Amino acid sequence: MSDEKSLFPLMLGGFGIGTTEFVMMGILPDIANSLGITIPQAGHLISAYALGVVVGAPSLVMLSHRFAPKTILMALMLMFTLFNGLCIFAPNYESLLVFRFLSGLPHGAFFGVGAVVAARLADEGKAAQAVSMMFFGLTIANLLSVPLGTYLGHEWSWRLAFVLVAIVGLFAWLFVRWWMPALPMDNPHSLRTQISRFFRSRDAWLIMLATAIGTGGCFCWMSYIAPLLTDVSGFDASSVPYIMALAGAGMCVGTIIGGRMADRYSPALTTGALLLAMAVALILVYLLAGSQIGMLIMTFITGALVMAVAPPIQMLMLQSAKGAETLASSVLQACFNIGNALGAFLGGLPLVAGYDFRSPQLVGLAMALFGVLAIGVLMNGWRNRVSSELEAY
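Note that residues are indexed from 1 along each chain, following the sequence as it is written. In view of the model being predicted, local features appear only for residues whose pLDDT reaches at least 70, and side-chain atom pairs are presented and counted only at 80 or more, with totals across whole chains, interfaces and linings using the full set of residues. Derived side-chain values reflect all non-hydrogen atoms in the structure, with water molecules and hydrogen atoms excluded from consideration.

**A look at the overall build of the protein**
Next up, step 1: Per the convention used, a helix needs a DSSP run of H or I reaching at least four residues, while a strand needs a run of E reaching at least two, with both numbered from the N terminus. Tallying secondary structure elements over the protein gives 17 helices and 0 strands in all.
Next up, step 2: Radius of gyration: over C-alpha atoms. The globule rule applied is 2.2 Å multiplied by the number of residues raised to the 0.38 power. In terms of overall size, the protein behaves like a compact globule, its C-alpha atoms giving a radius of gyration of 20 Å where 393 residues would be expected to give roughly 21 Å.
Next up, step 3: Its C-alpha atoms give the protein principal-axis dimensions of about 65 × 45 × 35 Å.
Next up, step 4: Only protein chains enter the area calculation, which uses a 1.4 Å probe; residues under 20% of their type maximum are buried, those over 50% are exposed, and those in between are partly exposed. Looking at the protein residue by residue over its 393 residues, the buried ones come to 55%.
Next up, step 5: Long-range pairs, those at least 24 residues apart, make up 84% of the contacts in the protein between residues at least 6 apart in sequence.
Next up, step 6: In this description, accessible areas are obtained by the Shrake-Rupley approach with a 1.4 Å probe, and a residue is regarded as covered only by the protein chains that are shown. Total accessible area on the protein is roughly 16,500 Å²; 69% of this is exposed by carbon and sulfur atoms.
Next up, step 7: Within the protein, one finds 18 positive and 17 negative side-chain charges whose respective centroids are separated by 10 Å. Only heavy atoms matter for contacts: two residues are in contact if any of them lie within 4.5 Å across the pair. For this count, His and the chain ends are skipped, Lys and Arg are scored as positive, and Asp and Glu as negative. Here the site of a charge means NZ on Lys, CZ on Arg, CG on Asp, or CD on Glu.

Structure below.
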């Protein structure tokens, strides 16, 4: 197994990022009351963060491509700590909106660079498991720091949630400095060459589509899970945080399983299989929404599938973008957040049309199947290329 001590800073960074990304869902009413805004306005703080991820993921990687990975990771975690720290002192909604956008900038770049570093630190045949350890930090945040931050926001002040995030970010920066080995730069190609190779790659575009649309299917479920549980399944609103913790437990398990599957089988085959499993899970959620026991089981399973697909699709992108791995990995993180936004938007369309809270699952089903199709086209292209090379030989 790769050096767990070297991977710990990546996991801790993922823990901090997961905290600031997901704690907002729990403290939105507190922020709205404190700043005198509506809850929909407060929801723009989530969108601002996601926009920051999409903008920052490729741009910060391109700006920092001349530096060593450890230096980049330290700079990104310093930005993360600073901008989340500024959220503590935001005097009004407008300033908090700006700080949330800035807080999102290092998110995708950290995961993008971190995935490449984790793969380089891994033992032979264990690269996906090493990458999954970084995402494990994000999932464990849903079990520990997100509930804690939500409690602090409800009982004391929403600003304390960002104090928690800033403290985690500071420790992550310290551990990157102390425990992360000083790996040399391993990409001899110029930035222009990397961009040209990556964006001209048919495989890269198929993987991006599978990520932005295919994995976006799970966000049709996640975005509207609270009203689904209360209005359709009949759970009391006070039970929702505990059920979300069950989803978080599933995410932790799924991250580990996805990494192991990607190392045992091919990342492409694993990604396609998990997206297909996600489609089946969304059908079952639709059919079992009226059963409380069924929904508890499916909440755990669907939560597991949400994160199980992250390590294999990350490895698939790394394998398919030789010579531009860091850029490709960071762009993939932007695609995940595009999927987040698409899932929430497209999943909400049937609700606007008057359908019940089960209907977003059908939109998610279509999106997940599109992802399966994209991976199928990718693998078929590989087979055709191999066949052509054999015939030429």
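**A few points about the packing of aromatic side chains**
Next up, step 1: The pairing test for Phe, Tyr and Trp rings, Trp by its six-membered ring, is centres within 6.5 Å, and the orientation test on the planes gives stacked under 30 degrees, edge-to-face over 60, and tilted for anything in between. All told, the structure shown has 6 aromatic pairs when counted by the stated rule.
Next up, step 2: Where Trp158 meets Phe162, the ring centres are 6.0 Å apart and the plane angle is 90°; that geometry is what we call edge-to-face. Across the pair, Phe162 and Trp158 agree in class, each one buried.

**What to know about the packing of helix α12 (residues 240-264) against helix α13 (residues 267-288)**
Next up, step 1: Axis definition: a line fitted to C-alpha atoms, over the contacting stretch in the case of helices. Angles run 0 to 180 degrees between N-to-C directions. Between α12 and α13, the least distance of the axes is 7 Å, while the angle of their chain directions is 135°. By the angle between their directions, the pair α12 and α13 is classed as oblique. The two elements α12 and α13 meet at a crossing, and its hand is right-handed. Counted together, Gly258, Met261 and Ala262 of α12 and Pro267, Thr270 and Leu274 of α13 form the full contact between these two elements. Put simply, angles under 35 degrees are roughly parallel, angles over 145 are roughly antiparallel, angles from 65 to 115 are roughly perpendicular, and the rest are oblique. Left-handed describes a crossing whose near helix is turned anticlockwise from the far helix through less than a right angle; right-handed describes the clockwise counterpart.

**Description of helix α6 (residues 145-155)**
Next up, step 1: Turning to α6, its buried residues are Ser145, Val146, Gly149, Thr150, Leu152 and Gly153. Seen along its axis, α6 keeps its buried residues to an arc of 160°; they face one direction. Each C-beta atom gives one direction from the helix axis, and the arc is the one those directions make.

**Details of the packing of α13 against helix α15 (residues 310-320)**
Next up, step 1: It is at 8 Å that the axes of α13 and α15 come closest, and there the two elements cross at 140°. Between α13 and α15 lies a crossing of left-handed hand. Residues Pro267, Ala268, Thr270, Thr271 and Leu274 of α13 touch α15, and the partners they reach there are Pro312, Ile313, Met315, Leu316 and Gln319.
Next up, step 2: Three residue categories are used. Nonpolar comprises Ala, Val, Leu, Ile, Met, Phe, Trp, Tyr, Cys and Pro, charged comprises Asp, Glu, Lys and Arg, and polar comprises the others, including Gly. Grouping the constituent residues of the contact of α13 with α15 by class yields 7 nonpolar, 3 polar and no charged.

**Re the confidence of the model for the protein**
Next up, step 1: Note: pLDDT gives the predictor's confidence per residue, expressed from 0 to 100. Here the protein averages 86 in pLDDT, and 94% of its residues register 70 or above.
Next up, step 2: Mean pLDDT across the secondary structure elements of the protein bottoms out at helix α8 (residues 191-199), with 72, and peaks at α13, with 95.

**Points about a nonpolar patch on the surface**
Next up, step 1: Two joining distances apply to patches: 9 Å for like charges and 5 Å for nonpolar side chains (Val, Leu, Ile, Met, Phe, Trp, Tyr), and every residue must have over 30% relative accessible area and no salt bridge. Each salt bridge in this description consists of a side-chain nitrogen of Lys or Arg and a carboxyl oxygen of Asp or Glu lying within 4 Å of one another. There is a patch of nonpolar side chains on the surface, built from Leu276, Val280, Ile283, Leu284, Leu287, Leu288 and Leu369 and spanning about 560 Å² of accessible area.
Next up, step 2: A per-element tally of the nonpolar patch places α13 first, with 6 residues.
Next up, step 3: Here Leu284 lies in helix α13.
Next up, step 4: Leu284 sits in the partly exposed class, given a relative accessible area of 34%.

**Topic: the pattern of salt bridges**
Next up, step 1: Within this structure, the stated rule accounts for 2 salt bridges.
Next up, step 2: For Asp203, the salt bridge identified is with Arg202, shortest N-O distance 4.0 Å.
Next up, step 3: In this structure Asp203 comes out as buried when scored by relative accessible area, which is 11%.
Next up, step 4: The residue Arg358 makes a salt bridge to Asp356 at a minimum N-O spacing of 3.2 Å.
Next up, step 5: The partly exposed category is assigned to Asp356, whose relative accessible area is 36%.

**So, α15**
Next up, step 1: Here α15 lies mainly inside the structure; 10 of its 11 residues are buried.
Next up, step 2: Within α15, the full set of buried residues consists of Ala310, Pro311, Pro312, Ile313, Gln314, Met315, Leu316, Met317, Leu318 and Ser320.

**Topic: the side chain of Thr215**
Next up, step 1: When you line up the elements, Thr215 lands in the loop between α9 (202-214) and α10 (216-223).
Next up, step 2: Since its relative accessible area comes to 2%, Thr215 is described here as buried.
Next up, step 3: From its side chain, Thr215 meets the backbone oxygen of Thr211 in a polar contact 2.3 Å long.
Next up, step 4: Every residue in contact with Thr215, bar those within four places of it in the chain, is listed here: Ala210, Leu275, Val309 and Phe336. Here a polar contact means two N or O atoms within 3.5 Å. Within protein one must be a hydrogen donor candidate and the other an acceptor candidate, and residues neighboring in sequence count only if both atoms are side-chain atoms.

**Section: the side chain of Lys70**
Next up, step 1: When you line up the elements, Lys70 lands in helix α3 (residues 69-88).
Next up, step 2: Accessibility expressed as a relative area gives 19% for Lys70, which makes it buried.
Next up, step 3: A polar side-chain atom of Lys70 sits 2.9 Å from the main-chain carbonyl oxygen of Arg177.
Next up, step 4: For Lys70, the side chain forms a polar contact with the main-chain oxygen of Met180, separated by 3.2 Å.
Next up, step 5: Residues contacting Lys70, with those up to four places away along its chain left out, are Val176, Arg177, Met180, Pro181 and Ala182.

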